[in-house]
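For reference, the chains in residue letters:
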Amino acid sequence: MRPRSPLRVRVLRSGSSGNAILVEAGPTRFLVDAGLTAEAVLREIEEDGQGPRLDAILLTHEHDDHARGAAAVARATGAVVLTNEPTARAAGVQLAGASVELFTSGKPFALGTVEVTPFPLPHDAAEPVGFVISRDGVRAAIASDLGEVTDELLARARGADLFILEANYDLGLMAVSSYPWFLKNRIVGAQGHLSNDGAARAAVAAADGRPQTVCLVHLSEENNLAPLARDTVKAALDAAGARGVWVEAVRPNRGGPWWTAASAPGVR
Ligand SMILES: [Zn+2]
Ligand SMILES: [Zn+2]
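Every chain is numbered independently, its residues counted from 1 as its sequence is written. Here the convention is simple: chains get letters from A, ligands get numbers from 1, in the order in which they are written. Predicted model: local features are reported for residues with pLDDT of at least 70 only, side-chain atom pairs are reported and counted for 80 or more only, and whole-chain, interface and lining totals are derived from all residues. To get the side-chain values, all heavy atoms of the structure are used, and hydrogens and water are removed first.

Novice: I'm lost on the packing of aromatic side chains in this one. Help?
Specialist: Between 30 and 60 degrees the pair is tilted, below 30 it is stacked and above 60 it is edge-to-face, where a pair is any two Phe, Tyr or Trp rings, Trp via its six-membered ring, whose centres lie within 6.5 Å. Summed over all chains, the structure comprises 3 aromatic pairs. Summarising the aromatic geometry, the rings of phenylalanine 103 and phenylalanine 109 are spaced 5.4 Å apart at their centres and angled 15 degrees between planes, so their arrangement reads as stacked. We call a residue buried when its accessible area falls under 20% of the maximum for its residue type, exposed when it is over 50%, and partly exposed in between, using a 1.4 Å probe and counting protein chains only. The class of phenylalanine 103 is buried, set by a relative accessible area of 8%. Among the residues examined, phenylalanine 109 registers a relative accessible area of 18% and is labelled buried. On the basis of an interplanar angle of 85 degrees and a centroid distance of 6.5 Å, the ring pair of tryptophan 181 and phenylalanine 182 is categorised as edge-to-face. Each member of the pair, tryptophan 181 together with phenylalanine 182, is exposed.

Spelled out as structure tokens, the structure:
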């Protein structure tokens, strides 16, 4: 019998102070990134009554806001850390004492009930990746952090039921913000972070005429606003005739609601 909800996903926290996404697929339960303390993660994952158990922590890249809690969360939950070799090396002490298994970017692998495909993203880290997570015909694509939209990202994300995508800054707000110029240059660079306009382009290109959800993450506290990010992406989708795409933006350093395949309009 087909499970009622093949995939459930919730952004536990998103932004420069820490990133973690919880994925549940039947008995399989894991995080994408662990940029929070073990206490914060345990508080979140114990909320649904399943206890402090995780199968794995997938790492997108080694930056503090994505990996700083990895070892502590792994020890507290029994999770294995899954990452590529350059990221494992660069993460160093952030993985101390954790059991680590390596994947190869671009190569799909099984994780319990789901298939995971890590794919390269342009960002100033050792070997940053996004993930496509699929189960039973339902597909979620996760892309954060990234400096620009690549053809590979679009190919991976096209038609995904859920597209979790960075929308870091609004160019106008960035221009007038107090950030020093070198930091602004890093953020807007091709290996930095994605703007609302970049996210809008990616969302339009990933739409395929079916109902989908785009969830915008990693919003800057200073250089963005959640309604602005959402409206920028939604307006671009509407202008492109992709009206069936639901867009939400997770406020900086907050969590988002559960997304379930069963509740997504148009998905079995
Ligand atoms: Zn980063
Ligand atoms: Zn980040």
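After presenting the structure, the write-up continues.
Novice: Can you help me understand the coordination of the zinc ion (ligand 1) in this one?
Specialist: Six octahedral donors at a metal ideally form angles of 90 or 180 degrees, and four tetrahedral donors ideally form angles of 109.5 degrees. Only nitrogen, oxygen and sulfur atoms qualify as donors, provided they sit within 2.8 Å of the metal or within 3.2 Å for Na, K and Ca; with water excluded from the atoms, sites may seem incomplete. For the zinc ion (ligand 1), the full set of protein donor atoms is His61 (NE2), His63 (ND1), His123 (NE2) and Asp145 (OD), at a range of 2.2 to 2.4 Å. Irregular is the default label, applied whenever a site is not tetrahedral (four donors, all angles between 85 and 135 degrees) and neither square planar nor octahedral (four or six donors, opposite donors over 155 degrees apart, all other angles between 65 and 115). Bound by 4 donor atoms, the zinc ion (ligand 1) shows angles of 90 to 168 degrees at the metal and therefore irregular coordination geometry. In the primary sequence, the donor residues of the zinc ion (ligand 1) line up as H-x1-H-x59-H-x21-D. The distance between the zinc ion (ligand 1) and the zinc ion (ligand 2) is 3.6 Å, with aspartate 145 acting as a donor to both metals.

Novice: Even after reading the chapter, I still don't get the coordination of the zinc ion (ligand 2), so can you show me in this structure?
Specialist: With distances of 2.1 to 2.2 Å, the protein atoms coordinating the zinc ion (ligand 2) are Asp65 (OD), His66 (NE2), Asp145 (OD) and His218 (NE2). Around the zinc ion (ligand 2) sit 4 donor atoms; with metal-centred angles ranging over 90 to 162 degrees, the donor geometry is irregular. Sequence spacing of the donor residues for the zinc ion (ligand 2), all on one chain, is D-H-x78-D-x72-H. The class of aspartate 65 is buried, set by a relative accessible area of 11%. In this structure histidine 218 comes out as buried when scored by relative accessible area, which is 3%.

Novice: I would appreciate a short explanation of the pairing of strand 3 (residues 28-32) in the present structure.
Specialist: The side chains of a regular strand alternate between the sheet's two faces. With 5 of its 5 residues buried, strand 3 lies for the most part within the structure. Across 5 bridges, strand 2 (residues 20-25) lies against strand 3 in antiparallel orientation. Paired with leucine 22 across the strands is leucine 31, a residue of strand 3. Note: two strands are recorded as paired if DSSP finds a minimum of 2 bridges between them. What counts as a helix is a DSSP run of H or I of at least four residues, what counts as a strand is a run of E of at least two, and both are numbered from the N terminus. As consecutive antiparallel partners, strand 2 and strand 3 are separated by 2 residues, and within that stretch glycine 26 has a phi angle of approximately 60 degrees, a positive value. Both strand 3 and strand 4 (residues 56-58) contribute to a ladder of 3 bridges, which runs parallel. Bridging across to strand 4, leucine 31 finds its partner in isoleucine 57. The parallel pair strand 3 and strand 4, bridged by helix 1 (residues 38-45), forms a crossover whose chirality is right-handed. A clockwise course of the path from the first strand over the helix to the second, judged with the strands pointing away from the viewer, identifies a crossover as right-handed.

Interpretation in functional terms is not warranted from these geometric data alone.
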